[in-house]
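Residue-level structure breakdown
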Amino acid sequence: MAQLIQMPDGPGRGTVGKLAHDKKVPQKTTSRTTIQIVPVTKLKMDHIKEKEDLGTYDEVINFLIGERRKHLSSTAGSTPDTTQFEREEKDDPYRQLR
């Protein structure tokens, strides 16, 4: 059974936290949304929030997204059978030297 959790207001509300400042990411708007999570998920988010010294649940979610991206497999070298690209010697009307 899902439980409605109200996210607390705080000084970092509506921002991406330290990442927004460091990477010059535009600040998010102050619009808010409500999400439903089970109590076990809230406990896990609280644990991550405390362990990683994050101020808001928004920062926790962005932290988790960043961690996931670190572990995605690369597609580099996924087509090893293709040959190296070589431009044709014909005249190319889209490639004009100036």
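Residues numbered from 1 in each chain as written. Predicted model: local features only at pLDDT ≥ 70, side-chain atom pairs only at ≥ 80, totals over all residues. Heavy atoms only, no water.

**What about the packing of helix H2 (residues 39-51) against helix H3 (residues 57-70)?**
Axis separation between H2 and H3 bottoms out at 10 Å; the angle between their running directions is 85°. As judged from the angle between their axes, H2 and H3 are roughly perpendicular. Together, Lys42, Met45, Asp46, Ile48 and Lys49 of H2 and Tyr57, Val60, Ile61, Phe63 and Leu64 of H3 make up the contact between the two elements. Residues that form the contact of H2 with H3 fall into these classes: seven nonpolar, no polar and three charged. (Axes fitted to C-alpha atoms, helices over the stretch in contact; angles between N-to-C directions. Helix = DSSP H or I, 4+ residues; strand = E, 2+ residues; numbered from the N terminus. Parallel < 35°, antiparallel > 145°, perpendicular 65-115°, else oblique. Contact = heavy atoms within 4.5 Å. Nonpolar A, V, L, I, M, F, W, Y, C, P; charged D, E, K, R; others polar.)

**Observations regarding the confidence of the model for the protein**
In regions of low pLDDT, the predicted coordinates are not meant to be interpreted in detail. Overall, the prediction assigns the protein a mean pLDDT of 76, with 64% of residues at 70 or greater. Taken as a whole, residues 10-21 scores under 50 in pLDDT and shows 18 contacts with residues more than four places along the chain or in a different chain. (pLDDT = per-residue confidence, 0-100.)

**Considering the side chain of Lys49**
Mapped onto the elements, Lys49 comes out in helix H2. Summary of buried charges: Lys49 has no salt-bridge partner, and the nearest side chain of opposite charge, Asp46, is 5.5 Å away. Among residues more than four places away in sequence, those in contact with Lys49 are Leu54, Gly55, Thr56, Tyr57 and Val60. (Buried < 20%, exposed > 50% of the residue type's maximum accessible area, 1.4 Å probe, protein only. Lys, Arg positive; Asp, Glu negative; His and termini not counted. Salt bridge = Lys/Arg side-chain N within 4 Å of Asp/Glu carboxyl O.)

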